[in-house]
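Spelled out, the chains give:
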Amino acid sequence: HETLASGGYSHAEGNLTKASEFASHAEGDHAKATGQYSHAEGSDTEASGWASHVEGYGTKALKSYGHAEGNYARAEGKYSHAEGNQAHALAEYSHAEGFYTNALGKSSHAEGNSTSASNDYEHAQGIANYNSTNQIFSVGAGEVKDYYNVTRRNAISILSVPNAET
């Protein structure tokens, strides 16, 4: 396979890059822009959502308006944004930034080192926060020795309580 610009008004340059949809743009090494108006640059990147954008190494933006940049960053929800090393924005409107961060809930936001926002509308920041099912905000104060040895705890945790219980 070769570098290929097959979509109307598409552009591809580099080693084995592919711009296959209308107005798509791919450059680098194995960069793929397969969504209309998508843009992929770097090495082993993929922009498959409509108007998606990726930069870096192994990054992916798979849904409409997704944006990912960094090292193995993934924007998998519509309008999601991921930046950093292993930052993953997996739900609609989610945002993940930092080192090993995960925004898993709709409109969630995770930033820092090894943080996770797993609930819809949750915000997590800091280092290695602890999650609970009704958490809406946390500041992690955990410890990360390595990827497999993480102690999770929060300096601050705000929980959502239904109005009938207040």
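Residues numbered from 1 in each chain as written. Predicted model: local features only at pLDDT ≥ 70, side-chain atom pairs only at ≥ 80, totals over all residues. Heavy atoms only, no water.

Caption draft 1: Just the overall build of the protein, in detail. Summing up its helical and strand segments, the protein has zero helices and 22 strands in all. For the protein, the C-alpha atoms occupy an extent of roughly 60 × 40 × 15 Å along the three principal directions. Here the analysis covers contacts within the protein between residues at least 6 apart in sequence; of these, 4% occur between residues at least 24 apart. Put simply, the protein shows about 8400 Å² of open surface, and 49% of that area lies on carbon and sulfur atoms. Averaged over its 10 positive side-chain charges, the protein has a centre that lies 7 Å from the centre of its 20 negative ones. (Helix = DSSP H or I, 4+ residues; strand = E, 2+ residues; numbered from the N terminus. Contact = heavy atoms within 4.5 Å. Areas by Shrake-Rupley, 256 points an atom, 1.4 Å probe, with all protein chains shown as cover. Lys, Arg positive; Asp, Glu negative; His and termini not counted. Charge placed at Lys NZ, Arg CZ, Asp CG, Glu CD.)

Caption draft 2: Up close: the sheet that holds strand β1 (residues 4-5). Read from one edge to the other, the open sheet built from nine strands follows the order β1-β3-β5-β7-β9-β11-β13-β15-β17, with strand pairing classed as parallel. Because the sheet does not close on itself, it has two edges, and the strands there are β1 and β17 (116-117). Inspection of the sheet shows strand β13 (residues 88-89) paired to strand β15 (residues 102-103) by two bridges, in the parallel sense. Considered in β15, the bridge of A89 is made with A103. (Pairing = 2+ DSSP bridges.)

Caption draft 3: Inspection of a nonpolar patch on the surface at higher detail. A cluster of nonpolar side chains, namely Y9, F22, Y37, W50, Y65, Y79 and Y93, defines an oily patch on the protein surface of about 810 Å² accessible area. As for its position among the elements, Y65 is in the loop between β9 (60-61) and β10 (67-71). (Patch = residues over 30% accessible without salt bridge, like charges linked within 9 Å, V, L, I, M, F, W, Y side chains within 5 Å. Salt bridge = Lys/Arg side-chain N within 4 Å of Asp/Glu carboxyl O.)

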